[in-house]
Every structure is written in structure tokens, then in C-alpha cells.
Amino acid sequence: MARWCYRHRVVVLALWVTALVGLGAVGGSAGTDYTNVFSAHDTDSKRAADLMEKAFPERSGDTDTVVWKTARGSALDAAVRERIEPALAEIAGMKGVGEVAGPYAPGPGAAAQVSRDGHIAYAQITFTEQANEVSKSLVQDVVDTARGAGRAGLRVELGGQAVARIQEPPAGTAEAVGIAAAAVVLFLAFGSLFAMLLPILTALFAVGTGLLATMLLSHVTAVPEVAPLLGTLIGLGVGIDYALFIVTRHRRGILRGLPPEESAAQALDTSGRAVLFAGGTVCVALAGMLVMNMRFLDGVVIAASLTVVLSVLAAVTLLPALLGVLGPRVLSRRQRRRLAATGPEPEEPTGLAARWAAAVERRPRTVALLAVAVMAALSLPLLALRLGATDQGNHQESSTTRQAYDLLAEGFGPGFNGPLQVVVEKAEPAATEGLVERIRATEGVAHVAPAPPSADGGTAVIQVVPTTSPQSEETDRLIDRLRADVLPRAGVDAHVGGVTAVFKDFAAVTADRLPYFVGTIVALGFLLLLVAFRSLVVPLTAAVMNLVAAAASFGLLVAVFQWGWGAEALGIAKEGPITAFLPVVMLSLLFGLSMDYQVFLVSRMHEEWVHTRDNARAVRVGLAETSRVINCAALIMICVFSAFVLSGDLEGATAGIGLAAAVALDAFVLRTALVPAAMHLLGRANWWLPAWLDRRLPHLAVEPEDAAPPAPEDLEALVAAALGPAVPAPRSGECESPEACAAKGACEAVDPLTARGDLMPYDLYDAYEPYAAEDADRLPGGPGRGAPVVHGFIITPDGEPIHTVTMTLLSKGGRQLDRVSSLADGSYVLAAPAPGVYLLAATAPGYASKARHIMLGSGPLTYDLELVEAVGTGPAQ
């Protein structure tokens, strides 16, 4: 598929552009139909809401508030009334406004809308639709009209869900900042403008189509208003990262001398497989939210999973097409010039990443203890986690919604911003009056106001204003007291509802079901990694690390959002409880992203382990070769997630900060320190799997298998094409045993498949033999002389040895299998995992590089190379 997309790039690009434009046209005409249904099934607040909807259908629209305060006199004074009353009348006449109830209307309830000191009053505006359906132009007209009545000594502010919507920053601000920061990181990593644009374009197409598709889905299923924001959050992160992994592998292939098309195909066949697997793990983690059985979360699953699927689809189809458009320009000009001058450069784990990998190998216990100490310290605040709901008291102090919230709290008490509704079913007047008196005498109640009963007289509503704010723990205790003690003793069928009670019940249900949710996604992740890496310890380690990362990130959230540490620097106005649904959403995203990094890290380790059976080498090489790209990917995600502080949505800001912290800890502490240190300490146990379980598990290859070696009759032709005609080396005679050859000073090594008889100097054979014996258990050829090995000398045309040559043995798929430097006499020895055809590459400073295909049988093969000095042209081939 990668080759098809590469060759038919115009068709692929046209299909993606058509999909994006088509969805945009349909979505623009259809609009959105997002909902915010936080209630949970089988809760007391849900039963209260159902009774209210049935008995009072006329109160279904959103209700916002206009609050005003006079510096002198009373809010009922004629001078104040002359300014406020016409504004309220104008608002009442606007299309889309159902009712305006103010303190100037006749009736017993009007006096209750003025504070005791007379300085503060309010009016309630009821729209004909819910807040997310009210047009922003109407809300803006309401705000402008109301605030236009203010003057010196008269403050007018507005609060409510509809008003809050017009205070949000322009759509796309957070996304633009995140993308700009990601672009800087990508440019520094690649050094190429074109390469930097590839991951960003891929992510934008994926997120764009995902958001437009979510808009359409909102008409056929319940999708919460926060779902597109969370979908964008995860889509930008994984979309850029997935493309980054593939582009990095593609650039490496070109630098190794592969043609651009071959390199793109190989990148998709290697990193592309890992991207498919990683995207699947993210979707599985997101699907774990369905265990919560909450309608609100189902919409989040749909939006986020759809964006992730489209991100993977864009990475494996759109990205190869874009690579085809760029060709070799995916490299910087300097890299292209160096490639032309010095030839292919085999990738080597050098620099800081290699030094860090070696340091972890030398001191795994120290590294592990330091990492555990850091994560434990950050996890401690988790013990104080309290789930709840944010309200307009958490808005910026300069916003009109926050000003209105504070004025209402000042004039009518902090509980006025979150009144409770006690709904009495089949209410008898006498019983209802008795219940009112019981509630009024209850500790924590500031005010009780019974409302007129329903038309049929069967349902009564009692408004209860607590003495404490909606986010206070005392308010939670009041709700529990009413349900457990006051209402049962009154002998009536009553339920406690209202926004505050709804959020409390939602938080309680979330907390009760959270262990099942965590258990589900941990188990699913364990099974996926078990199948992929054929190991029990690797998936178990990943599960533990994911839980550690989650604990530390939520500890940071508690410290910042609940305790207020550093909240002012982040632009967070007021501390409060963590929004109830965020732990579920964040855990899903965090487990999925953590699995991504685990897959990319361990797949390289597993690849090395399969070839060498050396755990220390596998962990060291895997860490050295993947840590740089993992850290770069993590830095991009941190930039994207942190930018959502600018979204104007507190839930989005909380999720952004939490995920940014989690990704930073996961990438920089867990995956590059604790995981490799633990794997060094566990040794070969990392890769243990009972034989009976191995036979029963399905095979799922994250990395492609090497091409099967050709049939023996084809090997001579391949060797002749790559090496030229076989020229038998001078023979010293038949050797019946190593001892006999030792007496002659040479050991004959005959390739059984090509009958190429070459002489290996006996001291080199001795140098090779311990290596073969040490690795006898991992080489299919068996111990000692049966191991597939290539050896020889690197010389100049004058026969002088070259001791600065880096010799690399590569599989036909381009994976590095072994690497050595030639010794002082120019000799080298490279080991292969099995007989077959391989690529032998030689590079040395000042010399033209060489790359040849070689065939290895079950024993050693002698192959000498002659290098010429570089003269500024391409490598000799």
C-alpha cells in the first residue's frame, strides 16, 4: 500500500482534499448538535430531573442571570430602576428570549431578588433553547444591552452558561499556538522546512476530517460539547507523533543509501506497523470508557477514537504520498550534499543518547531508585484527590461571569450560585409544608423557598440555598444529610436535584466505577503487549509504569488545580475540585499514549533481542536508537497539550496540563530511565514466556520479518552478481582437523553452498571462536564453527590495511544486525543470526564507501574489501 500511495501521490492527495472539503461543506450546512448531559443513570438527581421535566416542561430553556449593584442607595431606587427596567424590557422582546423575571415585577417572589442590604439585585433571563443552541449573536445582544445600563456607581454583570460561551477565546487559538510550538521542535530536529511540514500537514488533515465528522455524528448520537476539544487535543498529539516516527525512519533509510521510494516503503513496513499497533492501543484504551456506562463519555469515545483512526489512516496513506512529492528533499540541503560526497552512512547510536544508554546499563539500581523517588514524590498529592465540578467561580476574575458569580455570593450567600432542588412526588400540601420546615431547620441551609406546584398538583419543588459554595465539601455533606436523614423522616417521596447535586452524583458514580475502568484498560493493554512481544514481564512492566505515570500526573493536577500551587502563573483563576469526568478521559488518553512509547521503545529492544539473545545489548541499543525520537515526540506533545491552557475551557486546560505533565514524566523519567533500568535488572527474564502459552497465542508482528533466504540453487547467482565470480583462494592443502590446520598456520573455511574455498588466518579464527562459543545459543548454525559469520581484511589498492573502517551488516529489510571497527591489521568479524543474503557496508573517513550483497551459509565466509580514497564523488558501488 505504501508503494501504491507513493506512486499515485496525486490521486491520494486529491482524495484527502476532497474528503476534507466535502465534509466541511456538509458540516457547515448541517451545523452541530452537541449536548452536555452529565447526569448518571439510577441516581437521585436523575430521578429529580426526570420529575421536573415531566411536571414543568416550560422550564426547559437555559436560564442566565443579570446582576447589578449600586454604590449608594438601594437597587429599588427610582434612579436605578429607570436604567435597569428598560434594558430588561428590551431583552424580553428579543427573539429567542422566553421570559425575564426581575425584582420590579409585581408578586411575592420579586422581593427575594434583592439582597438584604438592598445594594444588589438580579433578574433571570430564560432562553427558549439550551445554552449550546442559543446563537452567540443573541447572547451578545443581551450582554451589550444589559451592560449598557450601567454607569458610574452602578455595576451590571451577567452570568450563566450561554453568557460563558461568548467569553471563550477565538476558536483555534490553542491549536495554532500548539502547532507553532510543534513546528519549532520539528525544524530543530530535522533541520529541514519540508520535513518539518510533513507531520503537521498529516495531523491537520486527520484532525480536520475528524472534527467535521464529529460535527455530523452529533446529529445522530449524543456528543458532549467538550468532545471536539478533547478530540483535537489527542488528534494533534498522536497525528504529529505518528508521522514523526515514520518520517524519521524514512530519512534514515535515505541516509543509508536507499532510493526514496524504497526508503518510504521500508519506513511504512517498519515504523508504519508500529504506528498501526500504537493507534490500536489508543483506541482500545479509549474504548475502555464504555465500561463506565455513562452516556456523556460515550460521545467522548466516539470523537477521540475517530480522530485517532483518521490520524493512523493519514500516516499510512497521506504521508507516503507527501513523501513521494518531496522525494530526496525530505533531507536538508546539507544532508543531501554530504550523502553525495561521502555516500551512505549507516546509522549509529552515538552522542548523548548512546552515552545515557551506557550509563543506565552501568548503574541500573541507582537510576531506578532516583526515578522511583521522583515519581513517588509527585504522586503523594493524589491521596487528597476530590472529584467534583467547576463552575463560573473558577473563571478569570476579569470576566463578567466571574463578576456576576461574586456579586451573587456577596449579596445572597455563597450557596446561591448552586441551589438545590428538592422535588416531591405526589405531594400533599401539609406534607410539603412539614418538609419545608424540616429542611429550614437543617444545618447548612441558608434559605428555603417552595415554588408553586405543578398544574396537576402532583409535583412540588422546594429550592434550598446552602450556606456554602457549590464546590464546598460542606455542600456535599448537606446533600447526603438531606437524602439520608431529613427526607426519609418527613415520610414523603422526594429527591434532591439541581446542578450541584447532579455533579456530586456524577462524581460519586465515576469514583465507584473507576477501578473497573482502570482494570479493563490495564488488562487489554497487557494482552496486546503479550501478543506483540511474546513476554509476560514486558507487558507487566508496562502496566505498572502506566499506573505510576497516571498517579504522578494526577498528583500534579491536585497540587495545581485543587491546591492552587502555581495556578496564578498558569492563568487559573481559582482552585477547586477536579472535574469528575476528567480522570476517565485522561486515563484513557494517558494509557494509550504511554503504550505508544512503550511499543516504539520495546519493539526496537525486542528486534535486537531476537537477533542477539543478549538482553543487555538489546536494552542498550533499543534505548540509544529510540530515546531521541521518543523525547522529540514527547516534547511536541507537551507543546500541543500545554497550549490548551489558552482554550478558555477549564476542563480543556486541566486535561492539557495533566497530559503534558504525564507525557513529560512518561518519556523523560519512565521510558528513558526507569523502564530500561528495570529491564537491565530483570535480565533475560524480560523475554520469558511459557512454551505452552507461546503455542496458544496468536502471532502479531510489530516489526516485519526479514525476507526468507532464497533457495540454495539461487544463491550462487546472487553471490556472483554482488561479489563477482568466485576466485578460489590459494589452498594450503586438505585439513582434517583444526590442529592440522594450526600446524600449517591457516584454517580452511569452505562455504558449503558456494564451495568458495578461502583461507582464514588461524589467529583470526581463534579470535572468532570464543565469540561464537559465547553466542552459540543464539546462532542457528550452532556453536563454534557452525555460526554464520563474515570476516576478512580491509585494504587499500596498494595492499595496506585500513584500521579506521566501520563495518556494518544489514538485513535485506535494512535493519542493522552487527557493527564493528576494523583492527590495526585491517581485519574484521561480523556475525549474522542465520544463513541468508545480507548487505555488507564499509565506511571510513577519507575513503569512498562500499556496499555489497553477500550470502552467508551455516559457517564462516571470508570477504576482503578494497577501499579507495574519496575524490569528492559518490561512493564506489
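Residues numbered from 1 in each chain as written. Predicted model: local features only at pLDDT ≥ 70, side-chain atom pairs only at ≥ 80, totals over all residues. Heavy atoms only, no water.

## Some remarks on the overall build of the chain
Here's step 1: Each helix and strand counted, the chain has 26 helices and 20 strands in total.
Here's step 2: The buried share of the chain, taken over its 877 residues, is 55%.
Here's step 3: Relative to all contacts within the chain whose residues are 6 or more apart in sequence, the contacts with residues 24 or more apart total 76%.
Here's step 4: Of the roughly 36,500 Å² of accessible surface on the chain, a fraction of 59% belongs to carbon and sulfur atoms. (Helix = DSSP H or I, 4+ residues; strand = E, 2+ residues; numbered from the N terminus. Buried < 20%, exposed > 50% of the residue type's maximum accessible area, 1.4 Å probe, protein only. Contact = heavy atoms within 4.5 Å. Areas by Shrake-Rupley, 256 points an atom, 1.4 Å probe, with all protein chains shown as cover.)

## Side note on the environment of Glu-157
Here's step 1: Checked against the element boundaries, Glu-157 lands in strand β4 (residues 154-159).
Here's step 2: We classify Glu-157 as buried; its relative accessible area is 8%.
Here's step 3: For Glu-157 and Arg-402, which are 245 residues apart along the polypeptide, the C-alpha to C-alpha distance reads 8.8 Å.
Here's step 4: At a separation of 3.5 Å, a polar atom in the side chain of Glu-157 contacts the side chain of Arg-147. (Polar contact = N/O pair within 3.5 Å; in protein donor to acceptor, adjacent residues only side chain to side chain.)

## Quick look at the pattern of salt bridges
Here's step 1: Across all of its chains, the model carries 19 salt bridges by this definition.
Here's step 2: Close ionic contact of Arg-620 with Glu-361 constitutes a salt bridge, the shortest N to O distance being 3.1 Å. Here the residue Arg-620 occupies a position in helix α21 (residues 615-642), and Glu-361 occupies one in helix α13 (residues 351-362), the gap between them amounting to 259 residues.
Here's step 3: Using a relative accessible area of 25% as the deciding quantity, one classes Arg-620 as partly exposed.
Here's step 4: Several salt bridges share partner residues, and in doing so they unite Arg-3, Arg-7, Glu-261 and Glu-262 into one network. (Salt bridge = Lys/Arg side-chain N within 4 Å of Asp/Glu carboxyl O.)

## Here we look at helix α14 (residues 364-379)
For the α-helix, the turn length of 3.6 residues means that residues three or four positions removed from each other point alike.
Here's step 1: If you check α14, its first and last C-alpha atoms are 22 Å apart, about what 16 residues at 1.5 Å a residue would give, namely 22 Å.
Here's step 2: Of all the positions in α14, only Pro-364, Val-367, Ala-368, Ala-371, Met-375 and Ser-379 are classed as buried. One side of α14 holds all its buried residues, which, seen down the axis, span an arc of 95°. Exposed residues pointing more than 90 degrees away from the buried face of α14 are listed as Arg-365, Leu-369 and Leu-370. (Expected span 1.5 Å × (residues − 1). Arc of directions from axis to C-beta.)

## Remarks on the sheet that holds strand β8 (residues 459-466)
Strand pairing in a sheet is mediated by backbone hydrogen bonds. Such pairs are either parallel or antiparallel.
Here's step 1: Taken together, the four strands give an open sheet; going across it, the order is β7-β8-β6-β9, and neighbouring strands pair in antiparallel fashion. Looking at strand neighbours, the two that pair on one side only are β7 (445-450) and β9 (493-497), the edges of this open sheet. Averaged over all pairs of adjacent strands, the angle between strand axes in this sheet comes to 20°, irrespective of strand direction.
Here's step 2: As paired elements, β7 and β8 share five bridges and run antiparallel to each other. Directly across from Val-448, in β8, lies its bridge partner Val-464. (Pairing = 2+ DSSP bridges. Axes fitted to C-alpha atoms, helices over the stretch in contact; angles between N-to-C directions.)

## Considerations on the packing of helix α8 (residues 193-217) against helix α9 (residues 227-255)
Here's step 1: Across the interface, α8 lies against α9 with an axial gap of 8 Å and an inter-helix angle of 145°. Considering only the axes of α8 and α9, their crossing is right-handed. Contact residues: α8 offers Ala-195, Leu-198, Pro-199, Thr-202, Ala-203, Leu-204, Val-207 and Leu-211, while α9 offers Pro-228, Thr-232, Gly-235, Leu-236, Gly-239, Ile-240, Ala-243, Leu-244, Val-247 and Arg-251.
Here's step 2: Residue classes in the contact of α8 with α9 are distributed as 13 nonpolar, four polar and one charged. (Left-handed = near helix turned anticlockwise from the far one by under 90°. Nonpolar A, V, L, I, M, F, W, Y, C, P; charged D, E, K, R; others polar.)

## Focus on the sheet that holds strand β17 (residues 836-844)
Here's step 1: Judged by pairing direction, the sheet is antiparallel, and its four strands sit side by side in the order β15-β14-β17-β18 without closing on themselves. Both edges of this open sheet fall to β15 (816-821) and β18 (847-856), since each of them pairs with a single strand only. Put simply, the sheet's adjacent strands are angled 20° from each other on average, direction ignored.
Here's step 2: For strand β14 (residues 806-810) and β17, the ladder comprises five bridges, and the chain directions are antiparallel. In the strand pairing of β17, Leu-810 is matched with Leu-839.

## A look at the side chain of Arg-251
Here's step 1: As for its placement among the helices and strands, Arg-251 is situated in helix α9.
Here's step 2: A distance of 2.8 Å separates a polar side-chain atom of Arg-251 from the backbone oxygen of Val-330.
Here's step 3: Once you skip the residues sitting within four places of it in the chain, Arg-251 turns out to touch Phe-190, Ser-192, Ala-195, Val-330, Leu-331, Ser-332 and Gln-335.

## With respect to the nonpolar core
Here's step 1: By size, the foremost hydrophobic cluster in this structure holds 154 residues, and its most contacted members are Met-289, Leu-297, Phe-517, Ile-636 and Phe-641.
Here's step 2: In terms of residue count, helix α11 (residues 295-326) provides more of this core than any other element does, 18 residues in total.
Here's step 3: Setting aside anything within four residues of it in sequence, one finds Leu-297 in contact with Met-289, Met-292, Phe-581, Val-584 and Val-585. (Core = buried A, V, L, I, M, F, W, Y, C linked by side-chain atoms within 4.5 Å.)

## Description of the environment of Ala-552
Here's step 1: Position of Ala-552 among the secondary structure elements: in helix α19 (residues 537-562).
Here's step 2: Here the alpha-carbon distance between Ala-552 and Leu-378, two residues 174 residues apart in the chain, equals 5.0 Å.
Here's step 3: Contacts of Ala-552, omitting those with residues within four sequence positions, involve Met-375, Leu-378, Ser-379 and Leu-665.

## Here we look at the packing of aromatic side chains
Here's step 1: On inspection of all chains with the given rule, the structure shows six aromatic pairs.
Here's step 2: Taken together through their ring pairs, the aromatic side chains of Tyr-122, Phe-412 and Phe-416 make up a single cluster.
Here's step 3: Taking NZ or CZ as reference, Arg-9 lies 5.5 Å from the ring centre of Tyr-6, over its face. (Phe/Tyr/Trp six-rings, centres within 6.5 Å; stacked < 30°, edge-to-face > 60°. Lys NZ or Arg CZ within 6 Å of the ring centre and 35° of its normal.)

## Focus: a nonpolar patch on the surface
Here's step 1: A cluster of nonpolar side chains, Val-184, Phe-187, Leu-188, Leu-193, Phe-194, Leu-197, Leu-201 and Leu-204, forms an exposed patch at the surface whose accessible area comes to about 720 Å².
Here's step 2: Contributing elements (two or more residues each) for the nonpolar patch: α7 (173-190) and α8.
Here's step 3: Here the nonpolar patch gets five residues from one element, more than from any other, and that element is α8.
Here's step 4: Along the polypeptide, Leu-197 turns up in helix α8. (Patch = residues over 30% accessible without salt bridge, like charges linked within 9 Å, V, L, I, M, F, W, Y side chains within 5 Å.)

## Notes on the confidence of the model for the chain
Here's step 1: Looking at the chain, pLDDT values average 78 and 83% of them are 70 or higher.
Here's step 2: Looking over the chain, one finds the lowest element-wise mean pLDDT in strand β12 (residues 757-761), namely 35, and the highest in α14, namely 93. (pLDDT = per-residue confidence, 0-100.)

## With respect to unusual backbone geometry
Here's step 1: In the Ramachandran plot, Arg-534 falls in the positive-phi region, its phi being about 50° despite a non-glycine side chain.
Here's step 2: When you line up the elements, Arg-534 lands in the loop between α18 (499-533) and α19.

## Focus on the packing of α7 against α8
Here's step 1: The interhelical angle for the contact between α7 and α8, taken along N-to-C directions, is 140°, at an axis separation of 8 Å. Taken as a pair, α7 and α8 cross one another with a handedness that is right-handed. Counted together, Ile-179, Ala-183, Leu-186, Phe-187 and Phe-190 of α7 and Leu-193, Ala-195, Met-196, Pro-199, Ile-200 and Leu-204 of α8 form the full contact between these two elements.
Here's step 2: The residue inventory of the contact of α7 with α8, partitioned by class, reads eleven nonpolar, no polar and no charged.

## As for α8
Here's step 1: For α8, spanning 25 residues, the distance from its first C-alpha to its last is 36 Å, which sits close to the expected 36 Å at 1.5 Å a residue.
Here's step 2: For α8, the capping residue at the N-terminal end is Ser-192, with a side-chain oxygen 3.5 Å from the backbone nitrogen of Phe-194.

## Quick notes on the environment of Val-80
Here's step 1: Secondary-structure assignment places Val-80 in helix α4 (residues 78-92).
Here's step 2: On the basis of relative accessible area, Val-80 is assigned to the buried category, the value being 5%.
Here's step 3: As for Val-80 and Lys-69, which are separated by eleven residues in sequence, their C-alpha atoms are 9.5 Å apart.
Here's step 4: Every residue in contact with Val-80, bar those within four places of it in the chain, is listed here: Trp-68, Thr-70, Ser-74, Ala-75, Tyr-104 and Leu-154.

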